[in-house]
Amino acid sequence: MTPSLRFDANLKWLFTEHPFEERFDAAARAGFQAVEYPAPYEYEPQRLVELLAQAGLSQVLINTPMGPAGSPTRQGMACVPGAEPDFRDGVRKGLEYATALGAPFLHVVGGIVPDDVPRDRAFALYVANIAWAAEQARGTGVRLLLEPQNKRDAPGFILESQAQAAAVADAAGREQVGVLMDFYHAQIDEGDLIPTFLAHREHIAHVQIADPPSRHEPGTGEIAYDRVFTAIRDSGYRGWIGCEYQPLTETVAGLGWMKELTA
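Position numbers for residues start from 1 in each chain and track the written sequence from start to end. Owing to the predicted nature of the model, reporting of local features is limited to residues with pLDDT of at least 70; listing and counting of side-chain atom pairs is limited to 80 or more, with chain, interface and lining totals taken over all residues. The side-chain quantities take in all heavy atoms of the structure and omit both hydrogens and water.

**Things to note about the nonpolar core**
Here is step 1: Membership of the largest hydrophobic core comes to 83 residues, with the highest contact counts inside it found for Phe7, Phe24, Phe32, Phe183, Ile209, Ile232 and Trp257.
Here is step 2: With 7 residues, the top contributor of residues to this core is helix H4 (residues 119-137).
Here is step 3: Setting aside residues up to four positions removed in sequence, Phe183 forms contacts with Leu193, Phe197, Val207, Gln208, Ile209, Ile223, Tyr225, Val228 and Ile232. What we call a nonpolar core is a set of buried Ala, Val, Leu, Ile, Met, Phe, Trp, Tyr and Cys residues that are connected through their side-chain atoms within 4.5 Å. The buried label applies to any residue whose accessible area, calculated with a 1.4 Å probe on protein chains only, is under 20% of its type's maximum; exposed applies above 50%, and partly exposed to all values in between. Helix and strand definitions follow DSSP, with helices as H or I runs of at least four residues and strands as E runs of at least two, each counted in order from the N terminus. Note on contacts: a residue pair is in contact if any heavy atoms of the two residues lie within 4.5 Å.

**A closer look at the UniProt feature "domain: Xylose isomerase-like TIM barrel" (unreviewed entry) in the chain**
Here is step 1: UniProt positions are given in the numbering used here, feature names are shortened, and annotations may be inferred rather than shown by experiment. As annotated in UniProt, the feature "domain: Xylose isomerase-like TIM barrel" (unreviewed entry) corresponds to residues 24-261 in the numbering used here.
Here is step 2: Annotated as residues 24-261, this span is 39% helix and 13% strand, and its ends, taken at the C-alpha atoms, are 24 Å apart.

**Some details on the environment of Asp170**
Here is step 1: One can find Asp170 in helix H5 (residues 162-172).
Here is step 2: Assessed through its relative accessible area of 43%, Asp170 is described here as partly exposed.
Here is step 3: Along the backbone, Asp170 and Pro45 are 125 residues apart, and their C-alpha atoms lie at a distance of 31 Å.

**Some remarks on the sheet that holds strand E5 (residues 143-146)**
Here is step 1: Spatial ordering of the closed barrel is given by E1-E2-E3-E4-E5-E6-E7-E8, a layout of 8 strands whose pairing is parallel. Going from strand to strand, the sheet's axes swing by 30 degrees on average, the running direction of each strand aside.
Here is step 2: The sheet contact formed by strand E1 (residues 6-10) and strand E2 (residues 34-36) spans 2 bridges and is parallel. By the bridge assignment, Ala9 is partnered in E2 with Val35. Strand pairing is defined by DSSP finding a minimum of two bridges between the two strands. For helices, the fitted axis covers only the stretch in contact; all axes are lines through C-alpha atoms, and the angles between them, taken along N-to-C directions, range from 0 to 180 degrees.

What follows is the structure, encoded as structure tokens:
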């Protein structure tokens, strides 16, 4: 029997009908066994551990810290000259939280190239910072993830393709660094989703989903997710698939796609 796909709930996007601390139990009641969310840092790690344990959930992923809205580091710090001290502090803090939560993945958010910085200079800094972060992660049991983000939502983002992310992972060392393929971002910037996924399958350690153009649940937009899920399953991918979408109406009411598209 072919193993089932495993979906986790991104608590930034799903179950927002509830205050954040109540989303863990709501996710468990809806049948999820694992969660992810980008920014745990306003909570003490032990409080999050308690919420996970009470709901019987596993933590899959968190992100490194980002700067405030409107700042040069609003989409990450890894490629921004002058932000190196904050980047390093953020990686250390991210690893501390990921370790405490038992999360296998820490997404190192790349950042937006500043207007006054040549892209090649920003990219060289990015590669150097990822290499440094990989050394910090060694021995922690946490793998760093790199995610390209689309230029419609994040103009100037440092990573432009899955292939570029895979090349950086190779340079830093694939034991410590992998690729996070978000099919929403990939469809907007690259398309050709199934061949792209299969071409970089050995680098891809985690998957996220939403349906463009409006970033709602699978089945509401332009991606043929029934075919995508078949390709993911047939590829041998056994990791989690993060549901990082804005529900069209309410979260639970919009979960029917799981049975319909993964049958």
